[in-house]
Amino acid sequence: MEHFLKSKKLKAILIIMALLAGILAYAVSAGGYTIPAVDILNALASPFQKASNAISGNVEYALTLYQNAENGYEENEELRKEVAELHRQLSKYEEVKQELTELKSFVGIKETYDDFVITSPCEVTGYVTNDPFYAFNIDCGKNEGISLYDPVVTEEGLVGVITKLGNNSATVTTILSPDLSVAVYCSTTKDHGVLTGSVGYAMQGMTKLQYLDKETTLRKNQKKDRVVLTSGENGLFPKGYVVGYVNEVKTDDSGLTACASIKPAADVRNLHMVVVVTDFEGKGVESHENQQN
Amino acid sequence: MRISRTDTSGKYIFKQFIQWVLFGLLMVICFVLETAGSFVKPLLLIPLALCISAHTGEIQAMAVGTTCGLLLDVACNKLIGYNAIGLVVVCVIVSLLHGYYLRNRFMNMLLLTAVYTAIQGYLDFFLYYAIWGLEDANLIYTNVYLPSEIMTLVSMIPIYLLVRWIAEICGSRRNYELEKTIIMNS
């Protein structure tokens, strides 16, 4: 051991550690931008991640099909192989169909919101390992015209914002995260509030609508499926885009305001493709009411 | 008594090359498995780095720690270098411990992996969630970190066996150095 402490090996190890500490310090100072080495690593890992995600998705789908068809198998043993083969074909067909539907739906976004400048559909390369708020990586970056904090959407609704950006990849923080706050309003009652994630709700795949008026009309008439839309007040998100549906309304812990659990319109925990809104009407412009405050 | 070396130098280099190719392949597989799906997963790169380090010299352990640490940082979306620094230190310590004090036994590796996984998990949880005073932050520890740590420990069993098998087949550097010393002294 003494030999090691006096050896050049220890010096080499200390140099590498100092280098890593330097990289760490640089990463901290880089804000949301990834360092070039990470971009290269992401580019190299991306095909492997896509492949593994596709495999795990297919396995999951095949298992579901198998469970659903189990009774049929018992009835006729001879048809089992044939059914399995048909299921395999169906699985491929469904996969292609789903992809086509997703692509069509993204065209729909552009038709509905003509002020949106959107990227071509970005593939979700993988979810961040063990992230409780389901952050994920996409295969689009600065080269596609994306900027930090651009909103990420699907046809169903808002998903999150870009919080880390490389040339050909980006990381998306979802609306389940407490790091993200979105000004929203309810389409039917016009109640305004702030949508921000919480640990407890994120575990159930939901998010929290805070700072509602204590006597909110949402509480009086607890109809399901009330739609929550972005209010576009801070210029970070486009106005009137669907975020989710009101699930349950209750009084906040402080007793001064009400809050509600919101089920996101898009299934944040199981995404395959998303689009990034790089520009929209009112981007970066705070609303008049906000400016006055 | 004359002890002859089992491998010629060229053969040894070839075996070493194969060994590191296989170790590299294992790293890629572990990285890919770690990033598949959105469910809670074991951090496979930790036991892999520790098991490889137990069979190699300090410099190789440092390289393995750096590589696996950086891959872990990318997979977990942490600051680049955050996991790498910790893993370099632990991998070098594991290599030194196995070189000077410990025998390469399963229980030793299990203990080392358990200690490091627990420290890494808690530190991660503390720095990324607890310190910011998040409401119900303990839920993250019980629902994400703890299951992941347990899964990491369980996954250490096949990884340990696989790494040991590769090292035995290809002849680890430590065995070669030991063999060389015996030959020189005999």
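Residues numbered from 1 in each chain as written. Chains lettered and ligands numbered in written order. Predicted model: local features only at pLDDT ≥ 70, side-chain atom pairs only at ≥ 80, totals over all residues.

1. Overview of the overall build of chain A
Scanning chain A for helices and strands turns up seven helices and 13 strands. Looking at the 293 residues of chain A, the share that counts as buried comes to 38%. Within chain A, counting contacts between residues at least 6 apart in sequence, those at least 24 apart form 60% of the total. (Helix = DSSP H or I, 4+ residues; strand = E, 2+ residues; numbered from the N terminus. Buried ≥ 20, exposed ≤ 12 C-beta atoms within 10 Å, placed from the backbone. Contact = placed C-beta atoms within 7 Å.)

2. Some remarks on the overall build of chain B
Counting its regular elements, chain B contains seven helices and zero strands. Starting at the N terminus and walking to the C terminus, you meet the elements of chain B as α-α-α-α-α-α-α. The burial tally for chain B puts 44% of its 186 residues in the buried class.

3. Quick word on helix H2 (residues 8-29) of chain A
Because an α-helix completes one turn every 3.6 residues, residues spaced three or four positions apart along the sequence face the same direction. Taking 1.5 Å as the rise per residue, H2 of chain A with 22 residues should run 32 Å; its terminal C-alpha atoms sit 32 Å apart, in good agreement. Among the residues of H2 of chain A, Ile13, Leu20, Ile23 and Ala27 of chain A are the ones counted as buried. Across the axial projection of H2 of chain A, the buried residues extend over an arc of 80 degrees, all falling on one side. Residues of H2 of chain A that are exposed and point over 90 degrees away from its buried face: Lys8, Lys11, Leu14, Ile15, Ala18, Gly22, Ala25, Val28 and Ser29 of chain A. Tucked inside the fold, the buried residues of H2 of chain A contact helix H3 (58-75) and helix H4 (82-101) of chain B. (Expected span 1.5 Å × (residues − 1). Arc of directions from axis to C-beta.)

4. A word on the environment of Ser148 of chain B
Locating Ser148 of chain B in the fold gives a position in helix H6 (residues 137-170). Ser148 of chain B gets classed as partly exposed once you count the C-beta atoms within 10 Å, which come to 19. Between the alpha carbons of Ser148 of chain B and Leu44 of chain B there is a distance of 9.8 Å; along the sequence they are 104 residues apart. Not counting chain neighbours up to four residues away, the residues in contact with Ser148 of chain B comprise Asn130 of chain A together with Val40, Lys41, Pro42 and Leu43 of chain B.

5. Focus on the pairing of strand S8 (residues 192-196) of chain A
Residues and elements named next belong to chain A. Where strand S7 (residues 181-186) and S8 come together, five bridges link them in antiparallel fashion. Within the sheet, the bridge partner assigned to Ser181 lies in S8 and is Thr196. Hairpin connection, S7 to S8: the antiparallel pair is bridged by five residues, and Lys190 has positive phi, about 60 degrees. (Pairing = 2+ DSSP bridges.)

6. Topic: the interface of chain A and chain B
Across the boundary between the two partners, chain A contributes 40 residues, which contact 38 residues of chain B. Among the elements of the structure, H2, helix H3 (36-75), strand S2 (122-127) and helix H5 (199-203) of chain A are those that each provide at least two residues to the side of chain A that touches chain B. Of the residues that constitute the side of chain A that touches chain B, the class distribution is 25 nonpolar, twelve polar and three charged. (Nonpolar A, V, L, I, M, F, W, Y, C, P; charged D, E, K, R; others polar.)

7. Comments concerning the domain arrangement of chain A
Residues and elements named next belong to chain A. When cut into domains, chain A gives domain 1 (36-174) and domain 2 (181-266). Residue-level contacts link twelve residues of domain 1 with 14 residues of domain 2. Contributing elements (two or more residues each) for the side of domain 1 that touches domain 2: strand S4 (151-153) and strand S5 (158-165). Broken down by class, the residue content of the side of domain 1 that touches domain 2 amounts to nine nonpolar, two polar and one charged. (Domains from an automatic or database assignment.)

8. Examining the sheet that holds strand S11 (residues 242-251) of chain A
Residues and elements named next belong to chain A. Ordered by their spatial adjacency, six strands build a closed barrel running S7-S8-S9-S12-S11-S10, and the pairing between neighbours is antiparallel. Averaged over all pairs of adjacent strands, the angle between strand axes in this sheet comes to 40 degrees, irrespective of strand direction. Pairing analysis gives three bridges linking strand S10 (residues 227-230) to S11, with the strands arranged antiparallel. In the strand pairing of S11, Val228 is matched with Gly244. (Axes fitted to C-alpha atoms, helices over the stretch in contact; angles between N-to-C directions.)

9. Thoughts on the packing of helix H1 (residues 9-34) of chain B against H3 of chain B
Geometry of a packed helix pair, given as the angle between the helix axes and the separation of the axes. Residue and element names in this part refer to chain B. In the contact formed by H1 and H3, the axes pass within 10 Å of each other and the chain directions differ by 15 degrees. Our classification of the angle between H1 and H3 gives roughly parallel. Where H1 crosses over H3, the two elements pack in a sense that is right-handed. Touching Met27, Phe31 and Glu34 of H1 are Thr67, Cys68, Leu71 and Ala75, all from H3. Of the residues belonging to the contact of H1 with H3, the class tally is five nonpolar, one polar and one charged. (Parallel < 35°, antiparallel > 145°, perpendicular 65-115°, else oblique. Left-handed = near helix turned anticlockwise from the far one by under 90°.)

10. Quick notes on the environment of Gly197 of chain A
All names here are of chain A. Its place among the elements puts Gly197 in the loop between S8 and H5. Take Gly197: there are 26 C-beta atoms within 10 Å of it, and that puts it in the buried class. Along the chain, Gly197 and Gly244 lie 47 residues apart, while their C-alpha atoms are 13 Å from each other. With sequence-adjacent residues up to four places away left out, Gly197 is seen in contact with Phe133, Ile175, Leu176, Ser177, Pro178, Leu180, Ala202, Thr207 and Lys208.

11. Quick word on the nonpolar core
Core analysis: the biggest nonpolar cluster contains 116 residues, and Val243 of chain A together with Leu45, Leu50 and Cys91 of chain B have the highest contact counts within it. Each of two domains, domain 1 (36-174) and domain 2 (181-266) of chain A, supplies a minimum of three residues to this core. Ignoring anything within four residues of it in the chain, the contact list for Leu50 of chain B reads Val90, Cys91, Val94, Met109, Leu112, Thr113 and Tyr116 of chain B. (Core = buried A, V, L, I, M, F, W, Y, C linked by C-beta atoms within 7 Å.)

12. Thoughts on the confidence of the model for chain B
Residue and element names in this part refer to chain B. When the pLDDT values of chain B are averaged, the result is 86; 89% of them are 70 or greater. Mean pLDDT per element in chain B: helix H7 (residues 173-185) is the minimum at 66, and helix H2 (residues 45-53) is the maximum at 94. With a pTM of 0.76, the predicted complex shows an ipTM of 0.78. (pLDDT = per-residue confidence, 0-100.)

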